[in-house]
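Examining the three-dimensional arrangement
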Amino acid sequence: MLQVKLIVTGDDFGYCPRRNQGIVECFLAGAVSNVSLLVNGSAAADAAKLARRHNIPIGLHANLSEGSPVCEGLKTNSSLLNQDGFFHGKMGFRKALSKGLLNTSEVKQELKAQVELFHELTGHLPTHMDGHQHVHVLPEPGLHNCDWIPPSLMDFYLGVEEDSFNTVDVFTRHGIRWPDIYIGLSTMGKNMSVSNIWSAIDTAMAEFMSRVPSPPDPAAQSRTVTIELMVHPGYPSVPPVGGCGEGPDDFSQSWERLHELQTLIKPELQSHYKTRNIQLCSFKDL
């Protein structure tokens with residue numbers, strides 16, 4: 001018997017009050033089961049209070065690419081910063097990393113500071129960690145077949161995929177666990193629809209099951225498959241409020257944030273989960 005557990009993670013919790021509001025609404029509607037907190041976000045403290053009030057499972061959205069570091073010792077003269085005193089950006093971070101320009105001890109120092117601030121804000125350690133703008137990298141099955149994704153964005157996504165395959169040995173060596181399946185790149189923003197989410201789950205499940213040996217007696221054994229769906233719902237940011245120190249970016253101001261919210265709370269999506277016997281859960285439930 002196959003049991004599917006789906007973790008729907010609302011990313012960028014703490015980015016701005018309007019993103020917080022949208023993510024909480026999704027959680028209360030049963031559309032999001034887990035959130036990831038940007039501790040350097042302008043509304044991080046408010047997000048932590050909302051998580052406590054509504055008992056929302058919350059982890060750390062580690063950020064090394066947008067805004068300002070939280071470690072005081074790294075706010076000046078750090079390899080993590082560009083000439084304007086902010087993180088290098090989504091592409092700049094990867095470029096600096098590939099050129100060997102990042103001091104790994106400073107990366108460790110900043111991530112440690114973010115974990116400590118998370119503990120200070122929430123009162124506990126993160127139930128999980130992932131990365132803002134994919135700095136933690138996990139591959140998405142079927143990504144190559146998504147012809148609706150613009151070439152420029154696809155190049156970035158495929159770079160994320162390549163990076164993710166390179167992390168498997170590192171994660172395994174250090175005993176880091178991750179979901180069996182990760183989806184969300186192909187269903188982000190305007191590309192999110194009920195049918196696209198169904199398709200992403202089906203494609204990922206088919207690919208995963210093709211790689212897993214069948215038990216000798218299928219009737220005698222049960223199997224649990226874990227899937228994480230990354231989402232970015234919310235109400236669009238309104239400048240100058242929001243961001244991680246530089247103000248809100250175009251992504252957060254986009255109508256696509258509201259589109260994701262409205263899609264995720266559609267009754268037919270919830271119905272599909274129940275029909276397929278897909279159980280929504282959080283990382284702390286695993």
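Everything discussed here concerns the structure shown above.
Attention in this report is confined to the structure presented alongside it. As the structure is a prediction and not an experimental result, all values here were calculated from the model. (Residues numbered from 1 in each chain as written. Predicted model: local features only at pLDDT ≥ 70, side-chain atom pairs only at ≥ 80, totals over all residues. Heavy atoms only, no water.)

Section: the overall build of the protein
Helices and strands together make up the secondary structure of the protein, namely nine helices and seven strands. Evaluated residue by residue, the protein yields a buried proportion of 50% over its 286 residues. Contacts in the protein between residues far apart in sequence, at least 24 positions, make up 76% of those at least 6 positions apart. With the model as given, the accessible surface of the protein reaches about 13,600 Å², and the carbon-plus-sulfur share is 54%. (Helix = DSSP H or I, 4+ residues; strand = E, 2+ residues; numbered from the N terminus. Buried < 20%, exposed > 50% of the residue type's maximum accessible area, 1.4 Å probe, protein only. Contact = heavy atoms within 4.5 Å. Areas by Shrake-Rupley, 256 points an atom, 1.4 Å probe, with all protein chains shown as cover.)

A closer look at the environment of Phe 208
Considering the arrangement of structural elements, one finds Phe 208 in helix 6 (residues 194–211). Apart from residues no more than four positions distant in its own chain, Phe 208 is found in contact with Asp 180, Ile 181 and Val 225.

Here we look at the packing of helix 1 (residues 17–28) against helix 8 (residues 256–264)
Where helix 1 contacts helix 8, the axes come no closer than 10 Å and their chain directions differ by 10 degrees. Here helix 1 lies roughly parallel to helix 8, going by the angle between them. For the pair formed by helix 1 and helix 8, the contact residues are Arg 19, Gly 22, Glu 25 and Cys 26 on the first element and Arg 257, Leu 261 and Leu 264 on the second. Of the residues in the contact of helix 1 with helix 8, the class split is three nonpolar, one polar and three charged. (Axes fitted to C-alpha atoms, helices over the stretch in contact; angles between N-to-C directions. Parallel < 35°, antiparallel > 145°, perpendicular 65-115°, else oblique. Nonpolar A, V, L, I, M, F, W, Y, C, P; charged D, E, K, R; others polar.)

Brief notes about helix 2 (residues 44–54)
Buried residues of helix 2: Ala 44, Ala 47, Ala 48, Leu 50 and Ala 51, and no others. Axial view of helix 2: buried residues confined to an arc of 160 degrees, hence all on one face. Contact partners of the buried residues in helix 2: strand 1 (2–13), helix 1, strand 2 (34–37), strand 3 (58–62) and helix 4 (104–122). Trailing helix 2 by a residue or two, Asn 55 shows a phi angle of about 55 degrees, which is positive. (Arc of directions from axis to C-beta.)

Remarks on helix 4
Every α-helix winds through 3.6 residues per turn, so residues three or four apart in the chain are directed the same way. Compared with the 27 Å implied by 1.5 Å per residue over 19 residues, the 27 Å span of helix 4 between its first and last C-alpha is a close match. Looking at the packing, one finds that the buried side of helix 4 touches strand 2, helix 2 and strand 3. One or two positions beyond helix 4, positive phi appears at Gly 123, with a value near 90 degrees. (Expected span 1.5 Å × (residues − 1).)

Some thoughts on the nonpolar core
In this structure, Phe 13, Leu 37, Ile 201, Ile 227 and Tyr 273 are the most contacted members of the largest nonpolar core, which totals 54 residues. Among the elements that take part in this core, helix 6 stands out by supplying seven residues, more than any other. When neighbours within four sequence positions are excluded, Ile 201 is seen to be in contact with Leu 6, Ile 183, Ile 227, Tyr 273 and Ile 278. (Core = buried A, V, L, I, M, F, W, Y, C linked by side-chain atoms within 4.5 Å.)

Some words on the side chain of Asp 12
Along the chain, Asp 12 falls in strand 1. For Asp 12, a relative accessible area of 2% puts it in the buried group. Within the structure, the side chain of Asp 12 is placed 3.1 Å from the side chain of His 61, a separation counted as a polar contact. Setting aside chain neighbours within four positions, we find Asp 12 in contact with Arg 19, Ile 23, Ser 36, Leu 38, His 61, His 132, His 232 and Phe 251. (Polar contact = N/O pair within 3.5 Å; in protein donor to acceptor, adjacent residues only side chain to side chain.)

Points about unusual backbone geometry
The omega angle of the peptide bond from Pro 239 to Pro 240 is 5 degrees, so this bond is cis rather than trans. Its location among the elements puts Pro 240 in the loop between strand 6 (223–231) and helix 7 (250–253). We note that Asp 12 has phi near 70 degrees; this positive angle belongs to a residue other than glycine. With a phi angle near 55 degrees, Asn 55 is a residue other than glycine that sits in the positive phi range. Mapping Asn 55 onto the fold places it in the loop between helix 2 and strand 3.

With respect to the pairing of strand 2
Within a regular beta strand, the side chains point alternately toward one face of the sheet and then the other, so they alternate between its two faces. Of the two faces of strand 2, both are covered, the one formed by Asn 34 and Ser 36 as well as the one formed by Val 35 and Leu 37. Judged from the three bridges that link them, strand 1 and strand 2 form a sheet pairing that is parallel. If you follow Gly 10 over to strand 2, its bridge partner there is Val 35. Bridge count between strand 2 and strand 3: three bridges; the pairing is parallel. Within strand 3, the residue paired with Val 35 across the bridge is Ile 58. (Pairing = 2+ DSSP bridges.)

Here we look at the pattern of salt bridges
On inspection of all chains with the given rule, the structure shows four salt bridges. Asp 202 is the partner of Arg 276 in a salt bridge, and the nearest nitrogen-oxygen pair spans 2.7 Å. Within this pair, whereas Arg 276 is found in the loop between helix 9 (267–275) and strand 7 (278–280), its partner Asp 202 is found in helix 6, the two being separated by 74 residues in sequence. With relative accessibility at 35%, the residue Arg 276 sits in the partly exposed group. Overall, the relative accessible area of 36% leaves Asp 202 in the partly exposed class. When the shortest N-O distance is used, the salt bridge between Glu 260 and Arg 257 registers 3.1 Å. With Glu 260 and Arg 257 both in helix 8, this residue pair falls three residues apart, about one helical turn. Considered together, Glu 260 and Arg 257 belong to a single accessibility category, that of buried residues. (Salt bridge = Lys/Arg side-chain N within 4 Å of Asp/Glu carboxyl O.)

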